[in-house]
Amino acid sequence: MLFVRDGVGHAARGVIAEIPEHDIAAWLSACSAHPDTHDQGPIAFGLVPFLPTAAARFLVPRITFTKNADGSTFVTIISEDDHDLADEAFDAQVADALRVADPVAATNTFTVRALTPESTYLRAVETARDSVRSGNIQKAVIARDIEVSAENPIDVHSVLLRLRASFGSSYRFCVGNMIGASPELLVEIDGRTVRSHPLAGTAPRTGDPETDARLAADLVASTKNQIEHRVVIDMVHDTLLPHCSYLDWEAEPSIVTVANVQHLGTAIEGALAEPVPHVMQLVRALCPTPALGGSPTGSAIDIITANEGFARGFYGGAVGYVDSRGQGTFAVTIRCAELSDHRRKARLFAGGGIVAESDPHSELAETQAKFQAMLSAIVRP
């Protein structure tokens, strides 16, 4: 398992327990830690689904390697008996976890096919757009999925290394069967500090600096994208504010660039009031954000489930970790793939926000650009 950004975060091996969401706080708190590391405790990696009524999944790893922003590093081992925590056993587990060779060059054969028919996607965009124009909703996010089939199992380690090379400043993750590199921070609690960095509004990147600068300027000037972005910011702000003694945000959205696309983004940061909420309380309150669902949330989800033609599962939800203090970091589960158990298939997802000015074929092109993040990491000769 992995959740890391810019080399800071957690990598883990083994699963000692899978815990229901309502038990996760008590389970982690009940784990004892060595007194010399009282500020470091067990963590659980979490996957929160797109649909608010669906169950989240929390995995507690047996051994976790942590690197903090200040450069400090920790190893945490959870065991059901003291023998595994003795020095000799501890050293052996660390050595075994580190005994992983870099992937070797190998060939594979891939085929890519659309799971969501193009006609289904275009009709769904038109339905959402017409609902906005009629005043029923402000925005809905319509997505589609594709499938990559491989002759040999997909090497997860290789995919993660490619994502690091191209998307190192995104939140790279591998939890359960979900793998990806999300550029969007849903929520983070660090002490009493709360942060979020919503993204909404997208333009492609070509690799040519002048063309990309022009596309970025067009993105900032776009009424359609500014409306889409404002809907998201207002929801995140209004959700976090009741929990904060103060909350600040950028006056104007900035351009957030990743390898293949660029987004409008607004950083939000505040101080939480006492008592500090558990991070999962905020995750559930924010998820799905209008950047992946729409606004109003309930009406947008109804349009999505009735028209998209596939079940999103964890796509569009949240992925991250929570610690024994109820703090943690969760990113929005985008730029991702859902791997089959035998690793010979990967289901990829991409979507975009639909407002009154949306053009169905332009939205289709936007999804094609967004697919490139995971396609380029998986499909290599």
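Note that the coordinates shown come from a computational prediction; the quantities given were computed from them, not determined experimentally.

Residue position: Arg312 is located in the loop between helix 8 (297–307) and strand 18 (318–323). A polar side-chain atom of Arg312 sits 2.8 Å from the main-chain carbonyl oxygen of Val141. For Arg312, the residues in contact, after removing those within four places along its chain, are Phe50, Val141, Ile142, Ala143, Leu292, Ile304, Arg347 and Phe349.

Bringing the packing of aromatic side chains into the picture now. Counted by the stated rule, this structure contains four aromatic pairs. For the ring pair Tyr315 and Phe349, a centre distance of 4.8 Å and an interplane angle of 10° mean the geometry is stacked. Linking Tyr315 in the loop between helix 8 and strand 18 with Phe349 in strand 21 (residues 345–354), this pair joins segments that are 34 residues apart in sequence. Each of the two residues, Tyr315 as well as Phe349, counts as buried. By way of ring pairs, the aromatic residues Phe3, Tyr171 and Tyr321 are connected into one cluster. Of note, Arg144 hangs over the ring of Tyr121, and the distance from its end group to the ring centre comes to 6.0 Å.

Looking now at the sheet that holds strand 14 (residues 254–257). As summarised here, the arrangement of the three strands in space is 12-15-14, forming an open sheet in which the pairing is antiparallel. In this open sheet, the two strands that pair with only one neighbour each are strand 12 (199–204) and strand 14. Recorded for the sheet is a direction-independent mean angle of 30° between the axes of neighbouring strands. Alignment of strand 12 against strand 15 (residues 261–265), held across four bridges, turns out to be antiparallel. Across the sheet, the residue bridging to Leu199 is Gly265, located in strand 15. Helix 5 (residues 209–221) contacts strand 12, strand 14 and strand 15 of the sheet and is inclined by roughly 30° relative to strand 15. The sheet strands contacting helix 6 (residues 223–240) are strand 12 and strand 15, and the helix crosses strand 12 at an angle near 150°.

Within the secondary structure, His10 sits in strand 2 (residues 8–19). His10 gets classed as buried once you look at its relative accessible area, which sits at 7%. The contact partners of His10, leaving out residues within four places of it in the chain, are Met1, Leu2, Phe3, Ile43, Phe45, Thr64, Phe65, Thr66 and Tyr321.

With 58 residues, the main nonpolar core has Val60, Val187, Leu240 and Val283 as its most contacted residues. With near-sequence residues (within four places) excluded, Leu240 lies in contact with Val187, Val194, Ser196, Leu247, Ile268, Leu282 and Leu286. Listed in part, the 29 residues of the second largest apolar core include Val159, Leu163, Leu339 and Ala377.

Another point: the packing of helix 6 against helix 7 (residues 279–286). One can describe the packing of helix 6 onto helix 7 by two numbers: an axis separation of 10 Å at closest approach and a directional angle of 145°. Two packed elements cross with a definite hand, and for helix 6 against helix 7 that hand is right-handed. In contact with Met235, Val236, Thr239 and Leu240 of helix 6, helix 7 contributes Leu282, Ala285 and Leu286.

Reading guide: rules and limits
Residues numbered from 1 in each chain as written. Predicted model: local features only at pLDDT ≥ 70, side-chain atom pairs only at ≥ 80, totals over all residues. Heavy atoms only, no water. Helix = DSSP H or I, 4+ residues; strand = E, 2+ residues; numbered from the N terminus. Polar contact = N/O pair within 3.5 Å; in protein donor to acceptor, adjacent residues only side chain to side chain. Contact = heavy atoms within 4.5 Å. Phe/Tyr/Trp six-rings, centres within 6.5 Å; stacked < 30°, edge-to-face > 60°. Buried < 20%, exposed > 50% of the residue type's maximum accessible area, 1.4 Å probe, protein only. Lys NZ or Arg CZ within 6 Å of the ring centre and 35° of its normal. Pairing = 2+ DSSP bridges. Axes fitted to C-alpha atoms, helices over the stretch in contact; angles between N-to-C directions. Core = buried A, V, L, I, M, F, W, Y, C linked by side-chain atoms within 4.5 Å. Left-handed = near helix turned anticlockwise from the far one by under 90°.

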